[in-house]
Amino acid sequence: EDKVVQSPLSLVVHEGDTVTLNCSYEVTNFRSLLWYKQEKKAPTFLFMLTSSGIEKKSGRLSSILDKKELFSILNITATQTGDSAIYLCAHTGANSKLTFGKGITLSVRP
Amino acid sequence: SQTIHQWPATLVQPVGSPLSLECTVEGTSNPNLYWYRQAAGRGLQLLFYSVGIGQISSEVPQNLSASRPQDRQFILSSKKLLLSDSGFYLCAWVDSSNTEAFFGQGTRLTVV
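Residues numbered from 1 in each chain as written. Chains lettered and ligands numbered in written order. Predicted model: local features only at pLDDT ≥ 70, side-chain atom pairs only at ≥ 80, totals over all residues. Heavy atoms only, no water.

Looking at the interface of chain B and chain A
Then, number 1: Taken together, the contact pairs 24 residues of chain B with 24 residues of chain A.
Then, number 2: For the pairing of chain B and chain A, the buried interface totals around 1900 Å² over both sides, and the portion due to carbon and sulfur atoms is 54%.
Then, number 3: Taken together, the connections running from chain B to chain A amount to one salt bridge.
Then, number 4: Glu59 of chain B serves as the salt-bridge partner of Lys97 of chain A, at 2.9 Å between the closest nitrogen and oxygen.
Then, number 5: On the surface where chain B and chain A come into contact, there are five residue pairs in polar contact (both at pLDDT 80 or more).
Then, number 6: The set of elements that each furnish at least two residues to the side of chain B that touches chain A consists of β4 (32-38), β5 (44-52), β9 (87-94) and β10 (101-103) of chain B. (Contact = heavy atoms within 4.5 Å. Buried area = accessible area lost by both parts, 1.4 Å probe. Salt bridge = Lys/Arg side-chain N within 4 Å of Asp/Glu carboxyl O. Polar contact = N/O pair within 3.5 Å; in protein donor to acceptor, adjacent residues only side chain to side chain. Helix = DSSP H or I, 4+ residues; strand = E, 2+ residues; numbered from the N terminus.)

Structure below.
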């Protein structure tokens, strides 16, 4: 059964801290691993990862995939209050099934 | 460019009433379409997905059904709503040549 497990489920940090969000997965016929940020309504896309060991970076956010150990991490450096959100990890697998984890609620305090 | 429309944005319905949420995609053909439900502050639970007209895969047995009458239209329905059907419903599509998902703006359903 396809599965995505995110940890921790919630996290509280102070502005300027660095955070690492974890995502482990089990999937038949892996195609991609996706990260999204959700604030109030629809999730917004952050990264798509398909190859192991290649870091993707966007400003203070970066992500990497390990297809051997079946996990991915999302790093946020110098956190700001605007980073407070739910961070969702998902994978696409067999038959184009798109499965999400339960999300990580990040709270960044001033 | 591709866009996805989902409506209505909010809905308050009495217990036992029917439901129909509609999602349409523009600017692409043969998309993979998905319906998710999200409880407050939690992740996305996959309800149904479709890889083509008339093809529906159900992930969670429940009080809901889905249909895909046209290539770019995906409908979530219920004959009789329950209180437990309340939640935030999201439609998403994935282009057959790309594995990134794009979301509609969501429908917040409250069953009273």
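Picking up where we left off.
Some remarks on the packing of aromatic side chains
Then, number 1: Going through the model one piece at a time under the given rule, you end up with 11 aromatic pairs over all chains.
Then, number 2: Measuring from ring centre to ring centre gives 5.2 Å for Tyr25 of chain A and Phe30 of chain A, while their planes differ by 25°; the resulting arrangement is stacked.
Then, number 3: Residue classification places Phe30 of chain A among the partly exposed residues on the basis of a relative accessible area of 22%.
Then, number 4: By the ring-pair criterion, three or more aromatic residues cluster together here, those being Tyr36, Phe45 and Phe100 of chain A together with Tyr34, Tyr36, Tyr49 and Phe103 of chain B. (Phe/Tyr/Trp six-rings, centres within 6.5 Å; stacked < 30°, edge-to-face > 60°. Buried < 20%, exposed > 50% of the residue type's maximum accessible area, 1.4 Å probe, protein only.)

Quick look at the sheet that holds strand β3 (residues 19-26) of chain A
The strands that make up a sheet pair up through hydrogen bonds in the backbone, lying either parallel or antiparallel.
Residues and elements named next belong to chain A.
Then, number 1: What the five strands build is an open sheet, ordered β1-β3-β8-β7-β6; its pairing is antiparallel. The open sheet terminates on both sides in strands that have one partner only, identified here as β1 (3-7) and β6 (56-58). Here the strands of the sheet are splayed against their neighbours by 15° on average, with no regard to which way each runs.
Then, number 2: Pairing of strand β7 (residues 61-66) with strand β8 (residues 71-76) involves six bridges; the strand directions are antiparallel. Residue pairing in the sheet places Ser63 in a bridge with Leu74 of β8. (Pairing = 2+ DSSP bridges. Axes fitted to C-alpha atoms, helices over the stretch in contact; angles between N-to-C directions.)

Observations regarding the pairing of strand β3 (residues 19-26) of chain B
Residue and element names in this part refer to chain B.
Then, number 1: Strand direction decides the pairing type here: strand β1 (residues 3-7) and β3, joined by five bridges, are antiparallel. Note on β3: the bridge partner recorded for Thr3 is Glu26.
Then, number 2: In this structure, β3 lies alongside strand β8 (residues 73-78), joined through six bridges in antiparallel fashion. Considered in β8, the bridge of Glu22 is made with Ile75.

Quick look at unusual backbone geometry
Then, number 1: Here the bond from Ser7 of chain A into Pro8 of chain A is cis, since omega is -10°, no more than 30 degrees from zero.
Then, number 2: Along the chain, the position of Pro8 of chain A falls in the loop between β1 and β2 (10-14).
Then, number 3: Note the cis peptide between Trp7 of chain B and Pro8 of chain B, where omega equals 0°.
Then, number 4: By the element assignment, Pro8 of chain B lies in the loop between β1 and β2 (10-13).
Then, number 5: Unlike most non-glycine residues, Leu70 of chain A shows phi in positive territory, near 60°.
Then, number 6: Structurally, Leu70 of chain A is set in the loop between β7 and β8.
Then, number 7: Unusually for a residue other than glycine, Asn30 of chain B sits at a positive phi of about 55°.
Then, number 8: Inspection of the secondary structure assignment puts Asn30 of chain B in the loop between β3 and β4.

None of this, on its own, says anything about what the molecule does.
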